[in-house]
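So the chains spell out like this:
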Amino acid sequence: MVRWMLAVVMLIPSFTLAADSEALLVIREHRFEPPELHVPAGKRIRLLIDNRDSTAEEFESYVLNREKVVPAHSRVPIFLGPLAPGRYPFFGEFHQQTAQGVILVP
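Reading guide: rules and limits
Residues numbered from 1 in each chain as written. Predicted model: local features only at pLDDT ≥ 70, side-chain atom pairs only at ≥ 80, totals over all residues. Heavy atoms only, no water. Helix = DSSP H or I, 4+ residues; strand = E, 2+ residues; numbered from the N terminus. Buried < 20%, exposed > 50% of the residue type's maximum accessible area, 1.4 Å probe, protein only. Contact = heavy atoms within 4.5 Å. Areas by Shrake-Rupley, 256 points an atom, 1.4 Å probe, with all protein chains shown as cover. Pairing = 2+ DSSP bridges. Axes fitted to C-alpha atoms, helices over the stretch in contact; angles between N-to-C directions.

Caption draft 1: Focus on the overall build of the protein. When helices and strands are counted, the protein shows one helix and nine strands. For the protein, buried positions account for 34% of its 106 residues. When contacts within the protein are restricted to residue pairs at least 6 apart in sequence, those whose partners lie at least 24 apart make up 55%. Here the protein has roughly 6900 Å² of accessible surface; of this, 59% comes from carbon and sulfur atoms.

Caption draft 2: Representation of unusual backbone geometry. Cis rather than trans, the peptide bond between E33 and P34 has omega equal to -5 degrees. Tracing the chain through its elements places P34 in the loop between β2 (31–33) and β3 (36–38). Cis geometry marks the peptide bond from G81 to P82; its omega dihedral reads 5 degrees. Tracing the backbone shows P82 in the loop between β7 (74–80) and β8 (86–92). Even without being glycine, N65 reaches a positive phi, approximately 55 degrees.

Caption draft 3: Looking closely at the sheet that holds β7. Within the open sheet, the four strands sit side by side as β2-β1-β4-β7. Their pairing is mixed. Each having just a single partner strand, β2 and β7 make up the two edges of the open sheet. Averaged over all pairs of adjacent strands, the angle between strand axes in this sheet comes to 25 degrees, irrespective of strand direction. When strand β1 (residues 21–28) meets β2, the two strands line up antiparallel, connected through three bridges. Bridge pairing in β2 places V26 opposite E33.

Caption draft 4: Focus on the environment of V63. Note on placement: V63 falls in the loop between β5 (57–61) and β6 (66–70). The class for V63 is exposed, based on a relative accessible area of 53%. Filtering out sequence-adjacent residues up to four positions away, V63 remains in contact with Y88 and P89.

Below you can see the structure in the form of structure tokens.
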């Protein structure tokens, strides 16, 4: 029975989200730091969002097709790419007036 279960598990594809590169984006005082984040072209990116505010924020980007709530005083990863050269704007859904940024890919 154990061999049969092991064989079945081996047939299930593994969906590991590996990244070629990592980048850090900090939320502080309802702003993203840095407001312009440079990442390499053609690489999978693990974007780590570190919310240092006492309130939640929602990272949102229409062009990247991503949205993720980042609770207060916590970190969440978002996996991106590989990205083509260009500008990829994002914003904080809960504080749109101040929480604005762009990912720049040379």
